[in-house]
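Per-entry structural report
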Amino acid sequence: MISLAGRDILHAWGKFVLTGIGLGLLIGVTLTMAGVYRGMVDDANVLLDNSGADLWVVQKDTQGPYAESSSLYDDTYRSILGISGVARVANVTYLTMQVSQIGDGKARDVRAMVVGIPPDGAGHPGQPGYLVEGRRLTRGHFEAVADIASGFALGDRIRIRRNEYTVVGLTRRMVSSGGDPMVFIPLKDAQEAQFLKDNDAIRAQRARTAQSPALNRPGVPGLLDAVIASQSTNTSVNAVLVQIEPGTDPEAVAEPIRRWKHLSVYTRMQMQSILIEKLIATAAKQIAMFLVILAIVSAAIVAFIIYTLTMGKIREIAVLKLIGTTNRTIAGMILQQAVALGLIGFVVGKVAATFWAPVFPKYVLLEPGDAVRGFVVVIVICVLASVLAIRAALKVDPAEAIGG
Amino acid sequence: MDKNRSDPSARGIRIEGLTKRYGHGDTAVDALKGVNMVVAPGEVVGLVGPSGSGKSTLLKCLGAIIEPTSGRMVLGQDVIYDNGWKISDLRALRRDKIGFVFQAPYLIPFLDVTDNVALLPMLAGVPNAEARQRAMALLTALDVQHRAKAMPSQLSGGEQQRVAIARGLVNRPPVILADEPTAPLDSERALAVIRILNQMAKQFDTAIIVVTHDEKIIPTFKRIYHIRDGVTHEEAGEGRGTN
């Protein structure tokens, strides 16, 4: 038996291909939306992987350092280091901000997550991994290691708040949960950048402190200087990253920190849950809503096209029915056309998504599993969308082929 | 089929007291009021009548498209209707036992000429190669074999009608119902179509009923059924120009 659907498609291939391309671009957008969600999840996982931590110690009753702000004294790490099962610890600060590149003809702003880390060696928690060019931070001040997604190159000069830094190393896939590239700078500089005020504010604060009778008491020499000194320096970090001894239960280490240090501690699983279920939950819901809308629009387009194509063949369908073609054959013809349209659309969509994903401003992760699921959904949508046309075709009276 | 062809009594159509009523009660309309008709194998008869006389209703009843109200229809030796359908699969009946030729050819636009003709046997389960062979033989008999690979849109009106006739004949049905097959054609081509129908009727022992009000072809029939107000009257025709 010849394929009626195939012959019809070949007969009007131009119309079919153009419709398929239109549908394909829509499917490409749908696959990209799914890829954006996957990219966000992957960014979150990469952020956790790259931190090199097993535990995140943060301010009590906060979900920091990524989902909420958290502030700890920077000497907290000493007491954590003494807890059984802890291998390495590191203070760390995170601040998402605009980083300015300076230099002749190079001035531009980049949205980045500035990470303050102690200039320890490789393998310490918080250190940048995947160094693709240059070296790690070795000095205590004014050096930076940047992710290549920032567009910075070795030797570039960048400004963070009041200080200028030289890019000495480049990393890859070091991004925040929002996809912003990371810029690593020495911890002390990062603390300043995060908490230090500008000169005018410092002068105003000193004046206010000097005028306060409580902080500038007559007969207590040195008090004012001590207060001003404490106001001018910053001893806070956002989190302490902890690596535990191999084979140690993370909860067994976390529990005494929670109990005795009055801090919140999150394991890798808990932090993953915070990032994925809370931090990107709203974005995920938005994307899910877009996916539903795009699926409905795709279904409507396929239904409309197939219905229109079928209505254009009413007389032929009446003739087919009159000469003895079964309803099954006619329904099969329409169904095959709908599925063929879906196939063309899916192939175009997959190719389009693959081509535009790398230039998408956000990280798009196209997973084979999503493509398979997308394919199944497209076929199901096409099958459902053909129902309307099939119903119309089956209602055609064979007598329509005969005049009178 | 071949067995049927060797037995002429197994082909042809006989209609006895066929009635068709549309609607119920006071609004009921009797479109057919006891139609009698016999068409022998190899014979082409005309069915003529004015608009609203019941021609199309009779054609639809004969074509198993609508159900008559009462009467009897015998196709070859098979009683297909006797105050109710005696055949459960009317679609298969139409496909295997009745050929249709329409006013417009209504060829399937996305199939070439060969496949337009071969589609019917394929639907009946005949292997593609054999169906195409059968189609080609008919196209040759109708002198359109040179357009076998053409699409319907590339054919002239006369060629399209000949392909439509080939489609009606391809399953070698005992009866062919032709609904105004010459309406869109000029006199010369109209007569050519009637000549072809006569040739095919003889060649395949097929009973052919031609519904028409085309004055130029009415003289070609040897027998004519006039239908008026749902009743048929048989009369002898001139039988001119069909050989």
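The structure displayed is predicted, hence computed values, not measured ones. (Residues numbered from 1 in each chain as written. Chains lettered and ligands numbered in written order. Predicted model: local features only at pLDDT ≥ 70, side-chain atom pairs only at ≥ 80, totals over all residues. Heavy atoms only, no water.)

Residue and element names in this part refer to chain B. For helix H7 (residues 187-204), with 18 residues, the first-to-last C-alpha span of 26 Å sits near the 26 Å given by 1.5 Å per residue. The set of residues buried in H7 consists of Ala190, Val193, Ile194, Ile196, Leu197, Asn198, Met200, Ala201 and Phe204. One or two residues past the end of H7 sits Asp205, with phi positive at roughly 55°. (Helix = DSSP H or I, 4+ residues; strand = E, 2+ residues; numbered from the N terminus. Expected span 1.5 Å × (residues − 1). Buried < 20%, exposed > 50% of the residue type's maximum accessible area, 1.4 Å probe, protein only.)

Right, let's get into the sheet that holds strand E7 (residues 175-179) of chain B. Residues and elements named next belong to chain B. Reading across from one edge, E6-E7-E8-E3-E9-E10 is the order of the six strands in this open sheet, with mixed pairing throughout. Only two strands of the sheet have a single neighbouring strand rather than two, namely strand E6 (98-101) and strand E10 (231-236). Taking the axes of each pair of neighbouring strands and ignoring which way they run, one obtains an average angle of 20° across the sheet. Where strand E3 (residues 44-48) lies against strand E8 (residues 207-212), five bridges are found, and the strand directions are parallel. Counted as the bridge partner of Val45 is Ile209 from E8. Packing of helix H3 (residues 90-97) onto the sheet brings it into contact with E6 and E7, and relative to E6 it is tilted by some 75°. Helix H6 (residues 157-169) contacts E6 and E7 of the sheet and is inclined by roughly 170° relative to E6. (Pairing = 2+ DSSP bridges. Axes fitted to C-alpha atoms, helices over the stretch in contact; angles between N-to-C directions. Contact = heavy atoms within 4.5 Å.)

Our focus in this paragraph is the packing of helix H2 (residues 13-51) of chain A against helix H11 (residues 327-356) of chain A. Residue and element names in this part refer to chain A. Where H2 contacts H11, the axes come no closer than 6 Å and their chain directions differ by 50°. Viewed along their axes, H2 and H11 adopt a mutual orientation that is oblique. Considering only the axes of H2 and H11, their crossing is right-handed. The residue inventory of the contact of H2 with H11, partitioned by class, reads 15 nonpolar, nine polar and one charged. (Parallel < 35°, antiparallel > 145°, perpendicular 65-115°, else oblique. Left-handed = near helix turned anticlockwise from the far one by under 90°. Nonpolar A, V, L, I, M, F, W, Y, C, P; charged D, E, K, R; others polar.)

Residue and element names in this part refer to chain A. Domain annotation of chain A identifies domain 1 (4-44 + 282-401) and domain 2 (60-196 + 234-262). One C-alpha centre belongs to domain 1, the other to domain 2; they are set 47 Å apart. Domain 1 puts six residues into the contact, and the matching count from domain 2 is six residues. Carbon and sulfur atoms supply 35% of the area buried between domain 1 and domain 2, which totals about 380 Å² over both sides. Among the residues domain 1 hides against domain 2, the three largest losses belong to Asp43, Lys362 and Tyr363. Together they make up 76% of the total. Where domain 1 touches domain 2, the interface holds two salt bridges. Across the pair Arg173 and Asp43 runs a salt bridge whose closest N-O atoms are separated by 3.0 Å. The interface formed by domain 1 and domain 2 holds three residue pairs in polar contact (both at pLDDT 80 or more) in total. Its residues assigned to classes, the side of domain 1 that touches domain 2 shows three nonpolar, no polar and three charged. (Domains from an automatic or database assignment. Buried area = accessible area lost by both parts, 1.4 Å probe. Salt bridge = Lys/Arg side-chain N within 4 Å of Asp/Glu carboxyl O. Polar contact = N/O pair within 3.5 Å; in protein donor to acceptor, adjacent residues only side chain to side chain.)

With that settled, the discussion passes to the environment of Gly168 of chain B. All names here are of chain B. When you line up the elements, Gly168 lands in helix H6. Gly168 gets classed as buried once you look at its relative accessible area, which sits at 4%. Once the C-alpha coordinates of Gly168 and Val210 are considered, the two residues, 42 residues apart in sequence, prove to be 13 Å apart. Not counting chain neighbours up to four residues away, the residues in contact with Gly168 comprise Gly99, Phe100, Pro173 and Ile176.

Okay, the pattern of salt bridges next. Residue and element names in this part refer to chain A. All told, the structure shown has 29 salt bridges over all chains when counted by the stated rule. With its nearest N and O atoms 3.1 Å apart, the salt bridge here joins Asp370 to Arg373. Of this pair, Asp370 and Arg373 both sit in helix H12 (residues 368-395), three residues apart, which is roughly one turn of the helix. Judged by relative accessible area, which is 13%, Asp370 ranks as buried.

A word on the pairing of strand E3 (residues 86-102) of chain A. Residue and element names in this part refer to chain A. As paired elements, E3 and strand E11 (residues 239-244) share six bridges and run antiparallel to each other. Each bridged residue has a counterpart across the sheet, and for Val89 the counterpart in E11 is Val242. Between E3 and strand E4 (residues 108-117), which pair antiparallel and follow one another directly, the connecting turn spans five residues, one of which, Gly103, has a positive phi of 125°. One ladder, built from three bridges, connects E3 with strand E7 (residues 157-160); its direction is antiparallel. Bridge pairing in E7 places Gln101 opposite Ile158.

Residues and elements named next belong to chain B. Even without a glycine there, the phi angle at Asp143 is positive, about 65°. Secondary-structure assignment places Asp143 in the loop between helix H5 (128-141) and H6. Despite not being glycine, Asp229 has its phi angle at roughly 50°, a positive value. Checked against the element boundaries, Asp229 lands in the loop between strand E9 (223-228) and E10.

Here the focus is the interface of chain B and chain A. In this assembly, 25 residues from chain B lie in contact with 27 residues from chain A. Summing both sides of the interface, chain B and chain A together bury roughly 2500 Å²; the carbon and sulfur share of this comes to 68%. On the chain B side of the contact with chain A, Arg91, Tyr106 and Phe110 of chain B bury the most area, a combined 29% of that side's loss. Scanning the region where chain B abuts chain A turns up one salt bridge. The interface formed by chain B and chain A holds six residue pairs in polar contact (both at pLDDT 80 or more) in total. Put simply, the parts of the chain that give the side of chain B that touches chain A at least two residues each are helix H2 (55-62), H3, helix H4 (113-123) and H5 of chain B. Examining the composition of the side of chain B that touches chain A, we find that five residues originate from one element, H4 of chain B, more than from any other.

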